[in-house]
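# Overview (structure and organization)
Take a look at the letters that make up each chain.
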Amino acid sequence: MCSTPNITVSKSKQNQLFILHNLHFHRHTDQNTILAIMISALRSVLVPLSRLTTSLYSTDAAASKQGKPKFDPTTAINEVAVEKDKLFSRLELELRGVDPAVLKSYAWFATTAANHLNIEVGKCWAERKPYHDRLTLLKSVHIYKKHRVQYEVRTYFRYLNFHKLTGSTVDTFLEYIERNLPEGVALNATKTEIQEIPEHLKQLPSEI
């Protein structure tokens, strides 16, 4: 036996289906009956809308009586625009993987994306020797101590440096390269932010 899937339909879709069903069911009836069905369906849609607008106006009036400021979208946009963007002197990416060819290809992809975004690319280099993680186990479970098997995992490292970035550029760049990160590759990002000197350090000490 085939089970029918559960289908969720919104209220507006339900009203439209109700109208179509009634029109199909009463296709042999007169026009007055069809108009009555359509008017009742429209009322079921318009009544909740009128209640919603009434509640919005009531909350706005209550806020004005209490002395609370009204929400102004232009003010919120200006506050966001006034916020300063962060500055970063360097962004260092550390790549780890088991295949050096994959790391090299991904490093080329990241530097190409940085060139398209007008990001200054710094020194990019890789370690000559990988990091070896060895694990020695018995070849048998309980006996034959002399017979052992050694497993080795080699981890390769590659480093990329980028200079003179803004906060929005760093977020966009990292999101783009993280979305295209291949399987088996780990990414670690280190950011160096530029900040202003605090006020208590700008003032000269009165006594030395």
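The coordinates are above.
As a starting point, this report considers the structure included with it. Worth saying up front: this structure is predicted, and the values here are computed from it rather than measured. Residue positions are given per chain, counting from 1 as you read along its sequence in written order. With the structure being a predicted model, the display of local features is reserved for residues of pLDDT at least 70 and the display and counting of side-chain atom pairs for 80 or more, all residues being used for whole-chain, interface and lining totals. Hydrogens and water molecules were not included; the side-chain quantities draw on all heavy atoms of the structure.

This brings us to helix 4 (residues 100-116). Each turn of an α-helix holds 3.6 residues, which means side chains three or four residues apart point in the same direction. Helix length check: helix 4, at 17 residues, gives a terminal C-alpha distance of 25 Å against a target of 24 Å (1.5 Å per residue), a fit within 8%. Restricting attention to buried positions, one finds in helix 4 the residues Leu 103, Tyr 106, Ala 107, Ala 110, Thr 111, Ala 113 and Ala 114. Summarising the axial view, the buried residues of helix 4 lie within an arc of 160°, below the 170-degree limit, and thus occupy one face. Among the exposed residues of helix 4, those pointing more than 90 degrees away from its buried face are Lys 104, Trp 108 and His 116. By the convention used here, residues are in contact when the closest approach between their heavy atoms is within 4.5 Å. The way it works is that DSSP assigns letters per residue, a run of H or I at least four long becomes a helix, a run of E at least two long becomes a strand, and they are numbered from the N terminus. On its buried side, helix 4 packs onto strand 1 (87-97), strand 2 (120-126), strand 4 (148-166), helix 5 (167-179) and strand 5 (185-194). In protein, a polar contact means a hydrogen-donor-capable atom and an acceptor-capable atom, both N or O and within 3.5 Å, with residues adjacent in sequence counting only if both atoms are side-chain atoms; elsewhere, any N or O pair within 3.5 Å suffices. Its side-chain oxygen 3.3 Å from the backbone nitrogen of Ala 101, Asp 99 forms the N-cap of helix 4. Trailing helix 4 by a residue or two, Asn 118 shows a phi angle of about 60°, which is positive. Given a helix with a known number of residues, its expected span is that number minus one, times 1.5 Å. Throughout this description, buried means an accessible area under 20% of the type-specific maximum (1.4 Å probe, protein chains only), exposed means over 50%, and partly exposed covers the range between. Taking the helix axis as origin, the arc is that swept by the directions to the C-beta atoms.

In this structure, Phe 109 sits in helix 4. With residues up to four places along the chain from it excluded, the contact list for Phe 109 reads Tyr 176, Ile 177 and Asn 180.

Attention now moves to the environment of Tyr 131. As for its placement among the helices and strands, Tyr 131 is situated in strand 3 (residues 131-138). Along the sequence, Tyr 131 and Val 153 sit 22 residues apart, while their C-alpha atoms lie 8.1 Å from each other. Apart from the residues within four sequence positions on either side, Tyr 131 is in contact with Val 153, Arg 154, Thr 155 and Phe 157.

Attention shifts here to a nonpolar patch on the surface. A cluster of nonpolar side chains, contributed by Leu 135, Leu 137 and Tyr 151, occupies part of the molecular surface with about 310 Å² of accessible area. Under the relative-accessibility criterion, Leu 137 is labelled partly exposed at 40%. Exposure above 30% relative accessible area and the absence of a salt bridge qualify a residue for a patch, where like charges join within 9 Å and nonpolar side chains (Val, Leu, Ile, Met, Phe, Trp, Tyr) within 5 Å. Only the protein chains shown count as cover for residues, and the accessible areas themselves come from Shrake-Rupley with a 1.4 Å probe. Salt bridges are defined as contacts in which a side-chain nitrogen from Lys or Arg sits within 4 Å of a carboxyl oxygen from Asp or Glu.

Next up on the list: unusual backbone geometry. A positive phi is found at Asn 118, a non-glycine position, where the angle reads about 60°. Structurally, the position occupied by Asn 118 is in the loop between helix 4 and strand 2. Classification of Asn 118 by relative accessible area gives exposed; the value is 73%. One non-glycine residue, Lys 164, lies in positive phi territory at about 55°.

The first and last C-alpha atoms of helix 5 sit 18 Å apart over 13 residues, in line with the 18 Å expected at 1.5 Å per residue. Among the residues of helix 5, Gly 167, Val 170, Phe 173, Leu 174 and Ile 177 are the ones counted as buried. Take helix 5 and look down its axis: the buried residues cluster within an arc of 130°, on one side only. Here the buried face of helix 5 lies against strand 1, helix 4, strand 4 and strand 5.

Let us now look at the side chain of Asn 161. Tracing the backbone shows Asn 161 in strand 4. Among the polar contacts made by the side chain of Asn 161, one reaches the main-chain carbonyl oxygen of Lys 123 at a distance of 3.0 Å.

Leu 91, Leu 93, Leu 160, Phe 162, Phe 173 and Ile 177 are the most contacted members of the largest nonpolar core, which has 19 residues in total. Only strand 1, helix 4, strand 4 and helix 5 provide two or more residues apiece to this core. Among all residues touching Leu 160, those that are not within four sequence positions of it are Leu 91, Glu 92, Leu 93, Leu 95, Ala 107, Ala 110, Lys 123 and Cys 124. We call a set of buried Ala, Val, Leu, Ile, Met, Phe, Trp, Tyr and Cys residues a nonpolar core when their side-chain atoms join them within 4.5 Å.

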